[in-house]
Amino acid sequence: MKVQDISQVLAKRSCGITPGQWHDLLQQLEQHGLYLIICSKKAGFAQSPVGGFIPMPSKEDELRLMTADELNKYHLNVEHQILPVDQSKMIDDVRSGNM
């Protein structure tokens, strides 16, 4: 499927994906040396379902795949992450050459 087509299908199907299916997908990404990074674009925090707090979700959040080398370059732990606004902005600034 083309990107524009699969993106519409995924938007509708993603609500039905189970935690187990997400777990399997994230493990597959790790096996290929990739980590899912959600760059938050909204200030504020919400309680995480696994304890603690995470950045609040927003329709403007960006999903990125990064390698361990990229994560290290930004001084981030090598793991899947949800980044708060300040860390998301830092990545945007570095990528656009503003730092």
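1. Details of the pattern of salt bridges
Line of reasoning, step 1. By the definition in use, this model includes 4 salt bridges.
Line of reasoning, step 2. Note that Arg-64 and Glu-62 form a salt bridge whose closest N and O atoms lie 2.7 Å from each other.
Line of reasoning, step 3. On the accessibility criterion, Arg-64 (12% relative accessible area) is buried.
Line of reasoning, step 4. Look at the salt bridges and you will find they share partners, linking Lys-41, Glu-62, Arg-64 and Asp-92 into a network.

2. Topic: helix α4 (residues 85-96)
Line of reasoning, step 1. For α4, spanning 12 residues, the distance from its first C-alpha to its last is 16 Å, which sits close to the expected 16 Å at 1.5 Å a residue.
Line of reasoning, step 2. Within the span of α4, buried status applies to Ser-88, Ile-91 and Asp-93.
Line of reasoning, step 3. On the buried face of α4, the contacting elements are β1 (35-39), β4 (62-66) and β5 (81-83).
Line of reasoning, step 4. Looking one or two places after α4, you find Gly-97, whose phi comes out positive at around 85 degrees.

3. Quick look at the pairing of β1
Line of reasoning, step 1. Alternating residues of β1 divide into Tyr-35, Ile-37 and Cys-39, all buried, and Leu-36 and Ile-38, none buried.
Line of reasoning, step 2. Taken together, the 5 bridges between β1 and β4 define a ladder with antiparallel strand orientation. The partner of Cys-39 across the bridge, within β4, is Glu-62.

4. So, unusual backbone geometry
Line of reasoning, step 1. Located in the positive-phi region is His-75, a residue other than glycine, with phi close to 60 degrees.
Line of reasoning, step 2. Note that His-75 resides in the loop between α3 (68-73) and β5.

5. Describing the nonpolar core
Line of reasoning, step 1. Within the largest apolar cluster, 9 residues are counted, these being Tyr-35, Ile-37, Cys-39, Met-66, Leu-71, Tyr-74, Leu-76, Leu-83 and Ile-91.
Line of reasoning, step 2. A total of 3 residues in this core trace back to one element, the largest contributor, which is β1.
Line of reasoning, step 3. Among residues more than four places away in sequence, those in contact with Met-66 are Gly-33, Leu-34, Tyr-35, Ile-37, Leu-71, Tyr-74, Ile-91 and Arg-95.

Rules of the game
- Residues numbered from 1 in each chain as written.
- Predicted model: local features only at pLDDT ≥ 70, side-chain atom pairs only at ≥ 80, totals over all residues.
- Heavy atoms only, no water.
- Salt bridge = Lys/Arg side-chain N within 4 Å of Asp/Glu carboxyl O.
- Buried < 20%, exposed > 50% of the residue type's maximum accessible area, 1.4 Å probe, protein only.
- Helix = DSSP H or I, 4+ residues; strand = E, 2+ residues; numbered from the N terminus.
- Expected span 1.5 Å × (residues − 1).
- Contact = heavy atoms within 4.5 Å.
- Pairing = 2+ DSSP bridges.
- Core = buried A, V, L, I, M, F, W, Y, C linked by side-chain atoms within 4.5 Å.

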